[in-house]
Amino acid sequence: MPKLSVLFLRNWRQNRFFYPPAVRITSLNYMKNKFYLPVHVLLVVCFCISSIFGQLVNDVSSLLEKPNVKKAFEYIREIEPETIEEQIKLTEIPAPTFQEQKRGLYFKKRFEEIGLSNVRIDSVGNVIGERNGKGGKDAPTLVLAAHLDTVFAMETKLETRREGTIIKLPGISDDGRGLTLLLAIAKTLEKHGIETIGNIIFVANVGEEGLGDLKGVRHLFNVELKDRITHFISIDGAGLGVTTGAVGSKRYRVTFSGRGGHSYGAFGMANPIHAVGRLIAKVSNFQTPVDPKTTFSVGMIRGGTSVNSIARTASFDIDMRSRDPYELSRLDKRFKQNAQAALDEENARWKNKGKIRLDIKLIGDRPTGTQPQDSPIIQVAASANKFMKIENDFGFSSTDSNMPISIGVPAITIDGGGKGKGAHSLDEQWDSKDSHIGSQRALLIALGVVGVQ
Ligand SMILES: [Zn+2]
């Protein structure tokens, strides 16, 4: 099993400006582009060379041979009822994307109470608390994160209803569950005096959902914790799956605009709504690969003045996704070419009488990427699953881990346990039955990455 040394990671990350962003992504499909091939070979060679170093714990059951770790593992199960109460409490604090402050303050207080060091709120609103390891400057630094923000507007009623083990509350699993596990893990490590080799930086981050566009995690990597993070784990939502690859996306707001006028009197003028129609017709005929899954959808459409007017503006929002950077950039290019064609056709149709304009605004840009399935951080998760008798459910998704994966920092997003239903809807519910399994697994994975003294 190849293992990446921390040293190698540091060097690799410090040198990453040698590679353009798309090249840093270890996707098999970028081999279609010959330019990328030599870099791919280089990365594989580097991964192999690095296998002579060992850092991560590849059998997490060995950790439990230490009496204090065993106690901690039992403790996090014992405190599960209070963990669930705290999950409800923090989920009841509204935190729409860009308005996470109140929930953030709750976290700052809790990080301080638990005894984390250097507790702070950074300039974008991420709440950070650190727990230093004993391994010196070459030890790994793990960011353990969960997102503060929800998709629900400030005025949404956040009232808890319980039916047995089921808790009904918007945001209870996404990401009330991940957030509460940050606190449970920090509390457990402090209570049992677990001395880790690597550092753990706990982060309740902003801006994961929708137009947040990974704002919080981008800020961690680019500013607040720049060049410090060697590994990243996000805990997000319910279940027991693990996200190991990043589905990237491009989102645009596309607007056609012109002078507008009377539908009868100004007839002969190019029409923004007709241009939108032309473009959506073209998009709807796009063919994209099933594997790697590559998708597109026009999700919102708006415009017009009245039935008897040629509109001044018409616009729509489009979301395009792929787990493959090459396919995503191909789709992106195709979309822009078609947008230009729709504009030209509409203007040509009316012989340039009252020309319209096109504006394409980027409203979301999540990077894509994969990492080798035998990468050490994934192996730690597999080892924890094996120990906990959880079947491996590894897949691709769009999460805060997109950012680190896209720049070559090992990262996974793990589910927090229990069973969720109706995420992103007002009917969201979470079944807490056996949810301690998620808590125990998250603790083991975190300790497997940083190691224990
Ligand atoms: Zn989430």
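Quick note: structure is the one above.
Note that this is a predicted model, so its numbers are computed, not measured. (Residues numbered from 1 in each chain as written. Predicted model: local features only at pLDDT ≥ 70, side-chain atom pairs only at ≥ 80, totals over all residues.)

Our focus in this paragraph is the overall build of the chain. If you tally the helices and strands in the chain, you get 12 helices and 18 strands. By the burial criterion, 47% of the 453 residues in the chain qualify as buried. (Helix = DSSP H or I, 4+ residues; strand = E, 2+ residues; numbered from the N terminus. Buried ≥ 20, exposed ≤ 12 C-beta atoms within 10 Å, placed from the backbone.)

Attention shifts here to unusual backbone geometry. In this structure, Asp175 follows Asp174 across a cis peptide bond, with omega equal to 5 degrees. In this fold, Asp175 is placed in the loop between β5 (166-168) and α6 (176-191). Here the phi dihedral of Phe98 falls at roughly 80 degrees; this positive angle occurs in a residue that is not glycine. Counting through the fold element by element, Phe98 comes out in the loop between α4 (80-91) and α5 (101-114). The phi dihedral of Asp434 is positive, around 55 degrees, even though this residue is not glycine. For Asp434, a count of 13 C-beta atoms within 10 Å corresponds to the partly exposed category.

Right, let's get into helix α10 (residues 376-388). Look at α10: 18 Å from first C-alpha to last across 13 residues, which is about the 18 Å you get at 1.5 Å a residue. Tucked inside the fold, the buried residues of α10 contact β7 (231-235), β8 (242-246), β16 (411-414) and α12 (436-450). Within two residues after α10, Lys389 carries a phi angle of roughly 60 degrees, on the positive side. (Expected span 1.5 Å × (residues − 1). Contact = placed C-beta atoms within 7 Å.)

Looking now at α6. An α-helical turn contains 3.6 residues, so a residue and the one three or four places further along point in the same direction. In this model, α6 (16 residues) spans 23 Å end to end at C-alpha, consistent with the 22 Å of a helix rising 1.5 Å per residue. Among the residues trailing α6, Gly193 stands out with phi positive, at a value near 55 degrees.

With 0 of its 5 residues buried, strand β1 (residues 117-121) lies for the most part at the surface. Looking at chain direction, β1 and strand β2 (residues 127-131) are connected through 3 bridges and run antiparallel. When the bridges of β2 are listed, Arg120 appears paired with Ile128. The hairpin formed by β1 and β2 contains 5 residues between the paired strands, and Gly125 there has a positive phi angle of roughly 110 degrees. (Pairing = 2+ DSSP bridges.)

Quick look at the nonpolar core now. The biggest cluster of nonpolar side chains holds 71 residues, and the ones touching the most others in it are Leu182, Ile233 and Ala446. Among the nonpolar cores identified, the runner-up in size contains 20 residues, and Val254, Leu328, Ala342 and Ile356 belong to it. (Core = buried A, V, L, I, M, F, W, Y, C linked by C-beta atoms within 7 Å.)

The next subject is the sheet that holds strand β17 (residues 419-421). The strand order across the open sheet built from 4 strands is β4-β5-β18-β17, with neighbouring strands paired in antiparallel fashion. This sheet does not close on itself; its edge strands, each paired only once, are β4 (161-163) and β17. The average undirected angle you get between the axes of adjacent strands in this sheet is 20 degrees. The sheet contact formed by β17 and strand β18 (residues 429-431) spans 3 bridges and is antiparallel. Bridging from a neighbouring strand, Lys421 pairs with Gln429 of β18. (Axes fitted to C-alpha atoms, helices over the stretch in contact; angles between N-to-C directions.)

Here we take up the sheet that holds strand β11 (residues 294-303). If you walk across this open sheet you meet the 4 strands as β11-β13-β9-β14, and the pairing is antiparallel. Two strands lie at the open edges of the sheet, namely β11 and β14 (357-366), each paired on one side alone. When strand polarity is set aside, the average angle formed by the axes of neighbouring strands in this sheet is 15 degrees. As defined by bridge partners, strand β9 (residues 248-257) adjoins strand β13 (residues 313-322) across 10 bridges and the pair is classed as antiparallel. Following the sheet pairing, Val254 is matched in β13 by Phe316. Across the face of the sheet, helix α9 (residues 325-349) comes into contact with β9, β11, β13 and β14 while running at roughly 160 degrees to β13.

Before going further, it helps to examine the environment of Gly212. By the element assignment, Gly212 lies in the loop between β6 (199-205) and α7 (215-224). Each C-alpha atom of the pair Gly212 and Pro96 lies 9.8 Å from the other, and the pair is 116 residues apart in sequence. Other than its neighbours up to four places away in sequence, Gly212 contacts Thr97, Asp149, Val206 and Gly207.

All right, on to the packing of α6 against α12 then. Close contact between α6 and α12 brings their axes to 10 Å; oriented N to C, the two are set at 60 degrees. When you trace α6 past α12, the crossing you get is right-handed. Between α6 and α12, the residues in contact are Leu181, Ala184, Ile185 and Thr188 and Ser439, Ala442, Leu443 and Ala446, respectively. In terms of residue class, the contact of α6 with α12 is built from 6 nonpolar, 2 polar and no charged. (Left-handed = near helix turned anticlockwise from the far one by under 90°. Nonpolar A, V, L, I, M, F, W, Y, C, P; charged D, E, K, R; others polar.)

The next thing to look at is the environment of Ser117. Relative to the elements of secondary structure, Ser117 occurs in strand β1. Once the C-alpha coordinates of Ser117 and Ile201 are considered, the two residues, 84 residues apart in sequence, prove to be 9.4 Å apart. Discounting chain neighbours no more than four positions away, the residues touching Ser117 are Glu130, Arg131 and Asn132.

Attention now moves to the environment of Gly193. In this fold, Gly193 is placed in the loop between α6 and β6. Along the backbone, Gly193 and Val69 are 124 residues apart, and their C-alpha atoms lie at a distance of 9.2 Å.

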